[in-house]
Amino acid sequence: MSDLIVHQLPGAWGLPSISPFCLKLDLYLRIVDIPFQTVVDATPFRGPKGKLPWIEHEEKKIGDSGFIIEYVEKRFGRDANAGLSAAERAVSLAMRRLIEENLYWTMVHDRWMVEDNWRSFRKVVLGGVPMPLRLVIAPLARRGVRRQLQGHGLGLHTQDEIHAIGQRDISALADFLADKPFLMGEKATEIDAVAYGLLPNIMQVPITSPLKDEALKRATANALQVGEIPRSCAR
Ligand SMILES: N[C@@H](CCC(=O)N[C@@H](CS)C(=O)NCC(=O)O)C(=O)O
């Protein structure tokens, strides 16, 4: 049994985790073939950064999927980006920022701020919190997310503007992928874990969203298909 323990948010809708960052780490560890155990946390508060995912390994607790991947690379001597040139690594990093620092927040807006979506999503995201505590936590958590969205800047835009921003990101990703099997070419690299942590969390979620519509529209044209990376990385 592996001594690498990954704490993550629960799964739903056929996904191992409803958190893009948790799903990213899950996929990354499969790409570099490192065994791990998962522990499902109902809330992110226990982690060293107060967010999920986080890991426990050899007495260490590490938060943030990016730092965890750096740690894993050093500790296990694996690098999913090994075959990439410096320029390709730079492109991959820029793409990662687009997905994690921008597109991610448009998804957060859709789940937490769009009234109809929130009504169904809150039962899933807070599903591990017992009643009646969940009723108390739900509006507080939502207020916290609203503040994060405003601090980011995205939350200052109208809903239509936010959707247009997210759709442009999805379209850019689909254009970049084009007819390649993976984003950087023939092999899965870190950026595939990043992208396929987030995209199924948009496409496979039973909510109404122009982001989902855009992703599904583009998915028919190329490999942006739900489950493509998990299948090809399955241990
Ligand atoms: N930069 C972090 C982001 C992690 C993150 O935002 N996780 C979300 C779940 S998708 C979370 O725990 N949010 C709780 C909060 O912000 O209070 C990473 O790469 O791990």
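The shown structure was predicted, so the numbers you read here are calculated from the model rather than taken from an experiment.

Asks: When you look at the pairing of strand β4 (residues 60–63) in this model, what are you seeing that I'm missing?
Replies: Two faces, one strand: in a regular strand the side chains alternate between the faces of the sheet. Alignment of strand β3 (residues 54–57) against β4, held across 4 bridges, turns out to be antiparallel. In the strand pairing of β4, isoleucine 55 is matched with isoleucine 62. Between β3 and β4, which pair antiparallel one after the other, the connecting turn spans 2 residues, and glutamate 58 there sits at a positive phi close to 45°.

Asks: Looking at this structure, how should I read the sheet that holds strand β2 (residues 37–40)?
Replies: Within a beta sheet, neighbouring strands are joined by backbone hydrogen bonds and run either parallel or antiparallel to one another. Read from one edge to the other, the open sheet built from 4 strands follows the order β2-β1-β3-β4, with strand pairing classed as mixed. Each having just a single partner strand, β2 and β4 make up the two edges of the open sheet. Direction aside, neighbouring strands of the sheet carry axes that sit 25° apart on average. As paired strands, strand β1 (residues 5–8) and β3 are joined by 3 bridges and run antiparallel to one another. By the bridge assignment for β3, valine 6 is matched with isoleucine 55. Where helix α1 (residues 20–31) meets the sheet, it contacts β1 and β3, and its direction lies at approximately 155° from that of β1. Running at roughly 135° to β4, helix α2 (residues 65–76) makes contact with β3 and β4 of the sheet.

Asks: How should I be thinking about a nonpolar patch on the surface in this particular structure?
Replies: The grouping of Met131, Leu133, Leu135, Val136 and Leu140 at the surface amounts to a nonpolar patch, some 500 Å² of accessible area in total. Along the chain, methionine 131 turns up in the loop between α4 (115–125) and α5 (133–152).

Asks: I would appreciate a short explanation of the pattern of salt bridges in the present structure.
Replies: Pairing is possible between side chains that carry opposite charge, provided their charged atoms lie close to one another. On inspection of all chains with the given rule, the structure shows 11 salt bridges. The partner of aspartate 26 in a salt bridge is arginine 30, with the nearest N and O atoms 2.5 Å apart. Taken together, the residues aspartate 26 and arginine 30, both in helix α1 and 4 residues apart, mark about one turn of the helix. For arginine 30, a relative accessible area of 25% puts it in the partly exposed group. With a closest N to O distance of 3.3 Å, arginine 142 and glutamate 115 form a salt bridge. Placement of the pair is arginine 142 in helix α5 and glutamate 115 in helix α4, with a sequence separation of 27 residues. The exposure class assigned to arginine 142 is buried, which follows from its relative accessible area of 12%. Within the structure, one salt-bridge network assembled from shared partners comprises Lys24, Arg96, Glu100 and Glu190.

What counts, and where the lines are drawn
- Residues numbered from 1 in each chain as written.
- Predicted model: local features only at pLDDT ≥ 70, side-chain atom pairs only at ≥ 80, totals over all residues.
- Heavy atoms only, no water.
- Pairing = 2+ DSSP bridges.
- Helix = DSSP H or I, 4+ residues; strand = E, 2+ residues; numbered from the N terminus.
- Axes fitted to C-alpha atoms, helices over the stretch in contact; angles between N-to-C directions.
- Contact = heavy atoms within 4.5 Å.
- Patch = residues over 30% accessible without salt bridge, like charges linked within 9 Å, V, L, I, M, F, W, Y side chains within 5 Å.
- Areas by Shrake-Rupley, 256 points an atom, 1.4 Å probe, with all protein chains shown as cover.
- Salt bridge = Lys/Arg side-chain N within 4 Å of Asp/Glu carboxyl O.
- Buried < 20%, exposed > 50% of the residue type's maximum accessible area, 1.4 Å probe, protein only.

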